[in-house]
Amino acid sequence: MDMRVGFGYDVHRLEEGQPFWLGGVRLEHHLGATGHSDADALIHAICDAMLGAANMRDIGHHFPDTDPTLRGIDSKILLQRTTELIAQKGYRVGNVDSTVCLQSPKIGPHIESMQQTLAGIMGLSPDEVSIKATTTERLGFVGREQGVAAYAVVLLTKEAQ
Ligand code: MG
């Protein structure tokens, strides 16, 4: 079996009164993430890791922030499309490991629902989608609650032809 690893990273700015989408789930919080799409940093990091593993450029190449049809788009659709893109090269996701860097709110109570949501889109079981979380001890832009960051590693597999 052919196996390839990929890495992804994403950041979105946090602003007062915006919806906060993370891992395909909406968090209740006074701050939310802003961007051209729904600004879901975790999904974007996972998409970039998938594309990186398949050596298919990055999320901005496939879904540019200059495309008006993508304004406000649900990132779950981008994850679905990315799953289809890697399938064109014969790949499917083996497993995902990710870390969200966020000072507040705590996302622990939402991790199971994020795992179920993302696994369903990628055709995986929730056990194959790991989501971890950390604060940055109030250091940096994450610690000042100015932004959310996410890192992801993805393993892709391809059955022998
Ligand atoms: Mg992004």
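Just above sits the structure.
So, here is what we can say about the structure in this document. (Residues numbered from 1 in each chain as written. Predicted model: local features only at pLDDT ≥ 70, side-chain atom pairs only at ≥ 80, totals over all residues. Heavy atoms only, no water.)

## Observations regarding the nonpolar core
Next, step 1: Counting 48 residues, the largest nonpolar core has Leu-22, Ile-46 and Met-122 as the members making the most contacts within it.
Next, step 2: At ten residues, the largest contribution of residues to this core is made by helix α1 (residues 41-53).
Next, step 3: Leave out the neighbours within four places in its chain, and Leu-22 touches Leu-27, Asp-40, Ala-41, Leu-42, Val-100, Leu-102, Ile-107, Met-114 and Val-148. (Core = buried A, V, L, I, M, F, W, Y, C linked by side-chain atoms within 4.5 Å. Buried < 20%, exposed > 50% of the residue type's maximum accessible area, 1.4 Å probe, protein only. Helix = DSSP H or I, 4+ residues; strand = E, 2+ residues; numbered from the N terminus. Contact = heavy atoms within 4.5 Å.)

## Observations concerning the coordination of the magnesium ion
Next, step 1: Every protein donor of the magnesium ion is accounted for by Asp-10 (OD), His-12 (NE2) and His-44 (ND1), and the metal-donor separations fall at 2.2 to 2.3 Å.
Next, step 2: Mapped onto the sequence, the residues coordinating the magnesium ion show the spacing D-x1-H-x31-H. Taken together, the residues span a long stretch of sequence, with Asp-10 in strand β1 (residues 2-16) and His-44 in helix α1 at a distance of 34 residues. For the residue pair Asp-10 and His-44, the accessibility class agrees, reading buried in each case. (Donors = N, O, S within 2.8 Å, 3.2 Å for Na, K, Ca; no water.)

## Observations concerning helix α4 (residues 111-122)
Next, step 1: Compared with the 16 Å implied by 1.5 Å per residue over twelve residues, the 16 Å span of α4 between its first and last C-alpha is a close match.
Next, step 2: If you check which residues of α4 are buried, you get Ile-111, Met-114, Gln-115, Leu-118, Ala-119, Ile-121 and Met-122. Taken end-on, α4 shows its buried residues confined to a sector of 160 degrees, consistent with a single buried face. In this structure, α4 carries Glu-112, Gln-116 and Gly-120 as exposed residues pointing more than 90 degrees from its buried face.
Next, step 3: Among the structural elements, β2 (20-22), β3 (25-27), α1, α3 (75-88), β5 (92-101) and β6 (129-134) are those in contact with the buried residues of α4. (Expected span 1.5 Å × (residues − 1). Arc of directions from axis to C-beta.)

## Considerations on α3
Next, step 1: Helix length check: α3, at 14 residues, gives a terminal C-alpha distance of 20 Å against a target of 20 Å (1.5 Å per residue), a fit within 8%.
Next, step 2: Check the buried side of α3 and you find it contacts α1, α2 (59-62), β5, α4 and β7 (147-158).
Next, step 3: Of the residues flanking the end of α3, it is Gly-90, one or two places downstream, whose phi is positive at about 85 degrees.

## Comments concerning the side chain of Asp-10
Next, step 1: It is Arg-13 that comes nearest to the buried, bridge-free Asp-10 among opposite-charge side chains, at 12 Å.
Next, step 2: For Asp-10, the side chain forms a polar contact with the side chain of His-12, separated by 3.1 Å. (Lys, Arg positive; Asp, Glu negative; His and termini not counted. Salt bridge = Lys/Arg side-chain N within 4 Å of Asp/Glu carboxyl O. Polar contact = N/O pair within 3.5 Å; in protein donor to acceptor, adjacent residues only side chain to side chain.)

## What about the packing of α1 against α4?
Next, step 1: One can describe the packing of α1 onto α4 by two numbers: an axis separation of 12 Å at closest approach and a directional angle of 35 degrees. Helix-helix and strand crossings are classified by hand; for α1 and α4 the assignment is right-handed. Across from Leu-42, Ile-43, Ile-46 and Met-50 in α1, the residues of α4 making contact are Met-114, Leu-118 and Met-122.
Next, step 2: Of the residues belonging to the contact of α1 with α4, the class tally is seven nonpolar, no polar and no charged. (Axes fitted to C-alpha atoms, helices over the stretch in contact; angles between N-to-C directions. Left-handed = near helix turned anticlockwise from the far one by under 90°. Nonpolar A, V, L, I, M, F, W, Y, C, P; charged D, E, K, R; others polar.)

## Focus on the sheet that holds β6
Next, step 1: Ordered in space as β4-β1-β7-β5-β6, the five strands form an open sheet in which the pairing is mixed. Of all the strands in the sheet, the pair left with one neighbour each is β4 (31-34) and β6. The average undirected angle you get between the axes of adjacent strands in this sheet is 25 degrees.
Next, step 2: Both β1 and β7 contribute to a ladder of twelve bridges, which runs antiparallel. Across the sheet, the residue bridging to His-12 is Val-148, located in β7.
Next, step 3: Along the sheet, α4 contacts β5 and β6; its crossing angle with β6, the most-contacted strand, is approximately 145 degrees. (Pairing = 2+ DSSP bridges.)

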